[in-house]
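A look at the structure
Read off the chains here:
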Amino acid sequence: MNALAARRRHPAAIALLILVGLLVTGGAYAFLAPKEANASAVSADTVAEGKNLFLANCASCHGTNAQGTASGPSLVGVGAAAVDFQVGTGRMPLAGPNIQAQRQDVDKIKFDDQQISSMAAYVASLGAGPSVPDSQYTTVIQPGDQKEAGQDLTNNQRIARGGEIFRVNCAMCHNFAGAGGALTRGKYAPSLTGVTPKHMYEAMVSGPQSMPVFNDQNISPESKQEVISYLKAVDNQTNVGGLTLGNLGPVSEGMFVWLFGLTLLIGCAVWLGKKAA
Amino acid sequence: MSTINADRPADALRAGDRQADQERAESKPLGGIAGWLDDRTGAAKGMSFVLKKVFPDHWSFMLGEIAMYSMIICLLTGAFLTFWFVPSASPVVYDGSYIPLQGVTVSDAYRSTLDISFDIRGGLLIRQIHHWAALVFCVAILVHMGRVFFTGAFRKPREINWVIGSILSMLAIVEGFAGYSLPDDLLSGTGLRAAEGFMRSIPIIGSYVSYFVFGGAFPGEAIIPRLYAVHVLLLPAILVGLFTAHILLVFLHKHTQYPGPGKTNNNVVGFPMMPVYIAKAGGFFFIVFGVIALISALVTINPIWGYGPYDPSPVTAGSQPDWYMGFADGALRLLPGFLEFTAFGYTFSFNVMIGAILLIPIMYTLIGVYPFFEAWVTGDKREHHLLDRPRNNPTRTGIGVAAMTFYIVLFFASGNDLMAIKLHLSINDLTRLFQLLIFVGPPLAFWITKRICLSLQRADRQKVLHGRETGVIWRYPDGRFEEIHAPLTPQERWVLVQHESPEPLVITAETDANGVESPIARKERLRAKLSHFYFKDRVAPPTPSELEAAHHHGDHGVETHEPEAIEAGGAPARETIKADRQN
Ligand code: HEM
């Protein structure tokens, strides 16, 4: 201790202190900063593999350095989340010019998880962007009256709050039940049933196509988890009222009453009319 | 035994009175409860008038009944809903059993509707019955209206009932809209927000109207209680009142009937109200109730829990009104934006006002005046109790189909977003298409319908003259082929030849005695033009002599002695027409 105290005034001490300070803040930053900064931590091999896959499958549209071409935008800075979402839902590689890239069935997805994550790693290495979400935020909150650690709301209340956030931010495009809705010129917001929590999260952070980006300042990761849980709760809920007619609102009810209700009633009327003759 | 002493001194003087008493007592055939009631209310006379009424039977006459029954179902289930519904916009925290809304602050109206749906036994079923019945009500009214229109049942003496019917139909959609706005969910709130915008689109006074209706700025707390009073009290009272008048007039006028043998303008062929018709009608009530209950038990309607509570900031894709308001919503979607402009420091939003404020009154006024218009054009002042077959009045039928087309285009336009997403089309292109169709569709529909009617009439004519095609081909010894035509029965033929085929009016005197063109002549000229429009293309039914000629022509392969017999049966038919025309 004394020895240390004695050397306190040593000229190197200041340099050492600066070094330690830098290490601590750097380490703390690396530890605390949003995940994006971590993206570069993946191994160089993965990035290289991703680059090869990218050159083979994506470069024709996005350019050899993902800098963008006339037939596809630049991917610099879109982040791993965007790649994971676009490729994982089968939207990319784009089959051909279309108004909007469409989700594909699982069996039509061209790449396995590992290939997707290496391409994601490659794109992430080009510039910081949102990363694939931590599974902490993509686990669905299960309905119930219990509270989870660190939460002051019960699970049910958190799901309800997710519903409020959804109605304010998403329902105008995706419809109240996530059944989807039309946008201008043939574009549309797709139905959200059957989308995995991870892809939901990634859609929010990457804002595919006409969808706005909901970054962590707009909607915190926890709130995103609540939105996801709300959508899953709506998916899983038993339809108390009976058939939902696609949750499309009054239009489908109107169609139903004309096509089915009226036909049935007129059928009965004709039958009764016949009885007399 | 009476406690009154029968033998009073002055009885002899009053013998006549007692005889009258006696007669009255004897003539009263009613006993039991009916008699008791009649003694006190004198209802028997009215009742027997009603019960002896004869009703013709046809399924299309039951469309009005569907409307009546679904209205009754709305009244019954609505009364149930009032027991729990709280018409109040004051905020409460929801803590009922629907999990995805627990802890959310909602209005009391919304909370109570959620409670009806989730926490009150049978509540959801009754709610769904109420709403489905409302939809069926509006459907049945429209279809019923179509039946009356296309068969010409609105002609004298039934014009007033047509007007009452139009008002009923308009009030029904207003009543529905008021109900739809009550639960204060996201859709009903969006609907009210839209309604507020409509009011504001009225030039100059718009914002005052909106403040007056909402009791201040939107949304405020006043609108739900106000709508509630309108929905459960005011409009139901008017609806029931008008409906009663409607039905009484039907009794008074007697029901119309389709043309057929033995059915004339002066009789009604059918079943008496008691017991046949009442049993049928009563049975039909239960069928309608059953069908609506079945639908309500199986199919969700207005899942307000999914829509979430109303809050002015969010709005959901697929925000549409119930179908009966759809046409007005469609008009809004089609009206181009350039109709909004600023002048004299005011903004005139005709792009909104035409569809939202003017459309419904204009439409219903046109509907209401149609019978008077047609009567003026045809100059027909006679009573009509026999219905037209739609094909026999091609122009009217064409007008009706054109109007329907107009309505349907608007109706589909209100679903343009869903159509775009389901059919993978662009909403902009669809809107353009509908904007085009709204102008092109109705005239096209008119023309096509009229052509179809005329060719159906021609086919009828052929059938009368040459019989029905049997599909049997004869080969003659000389190698000639011919299809056999079977003769119609007199009954069948009567239906095909009974109608009139008016000719266009011709103006006789264009100018008055001094050679001056009179304004009356100008009006008459317009009338002649319209009459020409109605009747210039006509296919007259075969005359008896044409029929005769055709039958002696003998080229239809049927033995000749039979037509003779048919002639005998057929001739009186034409006679009756002539007789009818004279009176
Ligand atoms: C005669 C035609 C009527 C029509 C077309 C009609 C239509 C409607 C509609 C569309 C709703 C929205 C219901 C929903 O989905 O939640 C509604 C709600 C309601 N109606 Fe009616 N209604 C009629 C008569 C009545 C009557 C006579 C009463 C009361 C005596 C009544 C009481 C109510 C109440 C209390 C509600 C709100 C409760 C709820 O939304 O669950 N209705 N009505």
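Procedures and definitions
Counting restarts for each chain: residues are numbered from 1 in the order of the written sequence. All chains are assigned letters beginning at A, and all ligands numbers beginning at 1, according to the order in which they are written. Owing to the predicted nature of the model, reporting of local features is limited to residues with pLDDT of at least 70; listing and counting of side-chain atom pairs is limited to 80 or more, with chain, interface and lining totals taken over all residues. To obtain the side-chain values, all non-hydrogen atoms of the structure were used and water was disregarded. UniProt positions are given in the numbering used here, feature names are shortened, and annotations may be inferred rather than shown by experiment. Only DSSP runs of H or I covering at least 4 residues are called helices, and only runs of E covering at least 2 are called strands; the numbering of each starts at the N terminus. Should any heavy atoms of two residues lie within 4.5 Å, those residues are counted as being in contact. Each domain span listed reflects an automatic or database assignment of domains. Summed over both partners, the accessible area lost on bringing two parts together, with a 1.4 Å probe, is the buried area. By salt bridge we mean one thing: a side-chain nitrogen of Lys or Arg within 4 Å of a carboxyl oxygen of Asp or Glu. Identification of polar contacts relies on pairs of N or O atoms within 3.5 Å, with a donor-acceptor requirement for protein atoms, meaning one able to donate a hydrogen and the other able to accept it, and with residues adjacent in sequence counted only if both atoms are side-chain atoms. Side-chain classes are defined by residue name, with Ala, Val, Leu, Ile, Met, Phe, Trp, Tyr, Cys and Pro counting as nonpolar, Asp, Glu, Lys and Arg as charged, and the others, Gly among them, as polar. Metal-coordinating donors are taken as N, O and S atoms lying within 2.8 Å of the metal, or within 3.2 Å when the metal is Na, K or Ca; because water is left out, some sites can appear incomplete. Here a site with four donors is tetrahedral if all angles are between 85 and 135 degrees, and a site with four or six donors is square planar or octahedral if opposite donors are over 155 degrees apart and the other angles are between 65 and 115; anything else gets the irregular label. For this description, a residue counts as near a given molecule or strand if any of its non-hydrogen atoms is within 4 Å of it. Note on pairing: DSSP must find at least two bridges between two strands before they are called paired. Note on exposure labels: buried denotes an accessible area under 20% of the residue type's maximum, exposed denotes more than 50%, and partly exposed covers the range between, all computed with a 1.4 Å probe on protein chains only. Per-residue confidence from the predictor is given as pLDDT, running between 0 and 100.

As recorded in an unreviewed UniProt entry, chain B goes by Cytochrome bc1 complex cytochrome b subunit and comes from Intrasporangium oryzae NRRL B-24470. If you open the UniProt record of chain B and go to Subcellular location (unreviewed entry), you find "Cell membrane". Heading Catalytic activity (unreviewed entry) of the UniProt record for chain B holds this comment: "a quinol + 2 Fe(III)-[cytochrome c](out) = a quinone + 2 Fe(II)-[cytochrome c](out) + 2 H(+)(out)".

In the annotation of an unreviewed UniProt entry, the entry for chain A reads Cytochrome bc1 complex cytochrome c subunit, and the organism field reads Intrasporangium oryzae NRRL B-24470. Annotation of chain A in UniProt includes, under Catalytic activity (unreviewed entry), the sentence "a quinol + 2 Fe(III)-[cytochrome c](out) = a quinone + 2 Fe(II)-[cytochrome c](out) + 2 H(+)(out)". According to the UniProt record, the Subunit (unreviewed entry) comment for chain A is "The cytochrome bc1 complex is composed of a cytochrome b (QcrB), the Rieske iron-sulfur protein (QcrA) and a diheme cytochrome c (QcrC) subunit."

1. Here we look at the overall build of chain A
Counting secondary structure elements, chain A contains 12 helices and two strands. Put simply, chain A runs from its N terminus to its C terminus through helices and strands in the order α-α-α-α-α-α-α-α-α-β-β-α-α-α. At a minimum sequence separation of 6, the contacts of chain A that also span at least 24 residues come to 58%.

2. Focus: the domain arrangement of chain A
Residues and elements named next belong to chain A. Taken domain by domain, chain A comprises domain 1 (44-126) and domain 2 (140-236). The gap between the C-alpha centroids of domain 1 and domain 2 is 24 Å. Of all residues in domain 1, the largest losses of buried area upon contact with domain 2 belong to F85, Q100 and R103, amounting jointly to 45% of the total for that side. Our enumeration of links across domain 1 and domain 2 arrives at one salt bridge. Two residues, K198 and D84, come together in a salt bridge whose shortest N-O distance is 3.0 Å. Applying the counting criterion to the domain 1 and domain 2 interface returns four residue pairs in polar contact (both at pLDDT 80 or more). Residues belonging to the side of domain 1 that touches domain 2 are distributed by class as follows: five nonpolar, five polar and three charged.

3. Let's talk about the coordination of the iron atom of the ligand
Residue and element names in this part refer to chain B. Taken together, the protein donors to the iron atom of the ligand comprise H130 (NE2) and H231 (NE2), at separations of 2.0 Å. Viewed at the metal, the six donor atoms of the iron atom of the ligand are separated by angles of 85 to 179 degrees, and the geometry they form is octahedral. Of this pair, H130 sits in helix 6 (residues 123-150) while H231 is found in helix 10 (residues 223-253), placing the two residues 101 residues apart along the sequence.

4. Some words on the site of the ligand
Residues and elements named next belong to chain B. Residues in contact with the ligand amount to 27 residues; listed here are only the nearest, R127, H130, H131, H231 and N302. One of the side-chain N or O atoms of H130 is found 2.8 Å from a nitrogen atom in the ligand. A distance of 2.8 Å separates an oxygen atom of the ligand from a polar atom in the side chain of N302. The leading source of residues in the shell around the ligand is helix 4 (residues 63-82), at seven residues. Here the residues of the shell around the ligand sort into 15 nonpolar, nine polar and three charged.

5. Considerations on the UniProt feature "transmembrane region" (unreviewed entry) in chain B
Residue and element names in this part refer to chain B. Under the present numbering, the feature "transmembrane region" (unreviewed entry) in UniProt falls on residues 66-86, 129-150, 162-182, 228-252, 283-305, 348-373, 394-413 and 433-453. Within residues 129-150, the helical portion is 100% and the strand portion 0%, while the C-alpha atoms at the span's ends are 31 Å from each other. Taken end to end, residues 162-182 is 95% helix and 0% strand, and its first and last C-alpha atoms sit 31 Å apart.

6. Focus: the pairing of strand 6 (residues 346-349) of chain B
Residue and element names in this part refer to chain B. Two elements, strand 5 (residues 340-343) and strand 6, share four bridges in a ladder whose sense is antiparallel. Its bridge partner being in strand 6, F341 is matched across the sheet by F348. Connecting the antiparallel pair strand 5 and strand 6 is a turn made up of two residues, with F344 showing a positive phi of about 50 degrees.

7. Some thoughts on unusual backbone geometry
With omega at -5 degrees, the peptide bond leading from M92 of chain A into P93 of chain A counts as cis. By the element assignment, P93 of chain A lies in the loop between helix 5 (79-88) and helix 6 (113-126). Positive phi, close to 75 degrees, is recorded for N175 of chain A, a residue that is not glycine. Tracing the backbone through its elements, the reader meets N175 of chain A in the loop between helix 9 (171-174) and strand 1 (181-182). Here K254 of chain B, not a glycine, exhibits a phi torsion of approximately 70 degrees, which is positive. Given a relative accessible area of 44%, K254 of chain B falls into the partly exposed group.

8. Some remarks on the UniProt feature "binding site: heme c 2" (unreviewed entry) in chain A
Cross-referencing UniProt, the feature "binding site: heme c 2" (unreviewed entry) maps to C170, C173 and H174 of chain A in the present numbering. For C170 of chain A, the contacting residues outside a window of four places in its chain are I165 and N175 of chain A. Structurally, C173 of chain A is set in helix 9. Sequence-distant contacts of C173 of chain A, defined by excluding residues within four places in its chain, comprise G180, G181, L183 and A189 of chain A together with A317 of chain B.

9. Observations concerning the confidence of the model for chain B
Residue and element names in this part refer to chain B. Across chain B, the average pLDDT comes to 82, with 86% of residues at 70 or higher. Low pLDDT, under 50, characterises residues 555-583; the predicted model gives this stretch 35 contacts beyond four residues in sequence or across chains. For this predicted complex, the interface confidence reaches an ipTM of 0.80, while the overall pTM sits at 0.79.

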